[in-house]
Amino acid sequence: MLTQHAPRLWTYEEPLRFLSFEIGRIMTVIRLSSGELVVQSPAELTPALESALSALGDVRYVVPASKLHGHLYMEQYRAAFPAVELLAAPGLEARRTDLTFDGLLGDVPDPRWAADVDQVAVSGHRWLTELAFFHRSSRTLILGDVGYHVGSSAPLKTRLMARLAGVHGRISPPRDFRLTVANEATFRRSIRDVLAWDFDRVIPGHGEIVETGGKRAVLDGFDWLLQSAGDVDGDGGTRT
Ligand SMILES: [Fe+2]
């Protein structure tokens, strides 16, 4: 039931309907060099998924994409895997007061996974307090709502909606998320930090995985941000 993309990388896709459109959602599983598993954007933990994960290794870290995306089923993982650590995205602790988190994710990767996984805390957006992850050995970028990608395999109705939302054939947040950027320069710096990674595959939060050519798909999807006024030199400014 898990799809393997690289020696230590799997995904699990489950259906999700949004405003009657089928957009799906994607969970990612990384096996660290230590053998422990990181589960990003956890799916509902059915008995079948639980046994599939147990067959891969020790489920040790469960991380959301953001305070909006990928935290719904975290409590099921704590119940099933007693040694698991649940880690919060910025702002999630206030939303999930029913959970006790073992740590808060930021820009610095946890030393226990830094050799395998890097991360960027995407800043400058009102809602998308998102963690973007980079799995080094498979050259994979992992996103949540920062990266929707509806491809050619989606139902016609979804593809039409995706065209309107600007997320068809490219990786981008939908237009409504583009309108809620709080600090454009900061948001642009975060996206440039993401683009600095040497990734080829992209696992979006919703839609279709891009197995190759992912960097071009992100550059296309963020042309509205990267080429906007105020960044005419294209260097995105200096990170401070
Ligand atoms: Fe989402």
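Scroll up a little and you will see the structure.
Residues numbered from 1 in each chain as written. Predicted model: local features only at pLDDT ≥ 70, side-chain atom pairs only at ≥ 80, totals over all residues. Heavy atoms only, no water.

**Here's the deal with the pattern of salt bridges**
Close approach of charged atoms lets side chains of opposite charge pair. The final tally for this structure, using the stated rule, is 13 salt bridges. Residues Glu36 and Arg60 are paired through a salt bridge, measuring 3.1 Å at the closest nitrogen-oxygen approach. Pair noted here: Glu36 is in strand β6 (residues 36-40) and Arg60 is in strand β7 (residues 58-63), with a separation of 24 residues, a long-range link. This pair shows no difference in class: Glu36 is buried, exactly as Arg60 is. In this structure, a network of salt bridges that share partners links the residues Glu36, Arg60, Glu85, Asp110 and Arg112. (Salt bridge = Lys/Arg side-chain N within 4 Å of Asp/Glu carboxyl O. Helix = DSSP H or I, 4+ residues; strand = E, 2+ residues; numbered from the N terminus. Buried < 20%, exposed > 50% of the residue type's maximum accessible area, 1.4 Å probe, protein only.)

**A closer look at the side chain of Thr180**
Take Thr180: it is sitting in the loop between α5 (175-178) and α6 (184-195). By relative accessible area, which is 14% here, Thr180 ends up buried. Looking at Thr180, its side chain comes within polar contact range of the main-chain oxygen of Asp176, at 3.2 Å. The contacts of Thr180, once residues within four sequence positions are left out, are His125, Arg126 and Trp127. (Polar contact = N/O pair within 3.5 Å; in protein donor to acceptor, adjacent residues only side chain to side chain. Contact = heavy atoms within 4.5 Å.)

**Focus: the layout of surface pockets**
One number sums up the size of the largest pocket: a volume of about 530 Å³. Lining the largest pocket we find 27 residues, and of these Leu16, Phe18, Asp145, Tyr148 and His206 sit closest to its centre. Of all the secondary-structure elements, those providing two or more residues to the lining of the largest pocket are β3 (17-18), α4 (156-165) and α5. A per-element tally of the lining of the largest pocket places α5 first, with three residues. A class-by-class count of the residues in the lining of the largest pocket yields 17 nonpolar, four polar and six charged. Going through the elements one at a time, β2 (9-14) and β5 (25-31) are the ones with two or more residues in the lining of the second largest pocket. Considered class by class, the residues forming the lining of the second largest pocket number five nonpolar, six polar and five charged. (1 Å grid on protein atoms, 1.4 Å probe; cavity = no way out; pocket = protein on both sides within 12 Å on 5 of 7 lines; lining within 4 Å. Points joined across faces, edges and corners; volume = space filled by probe spheres on them. Nonpolar A, V, L, I, M, F, W, Y, C, P; charged D, E, K, R; others polar.)

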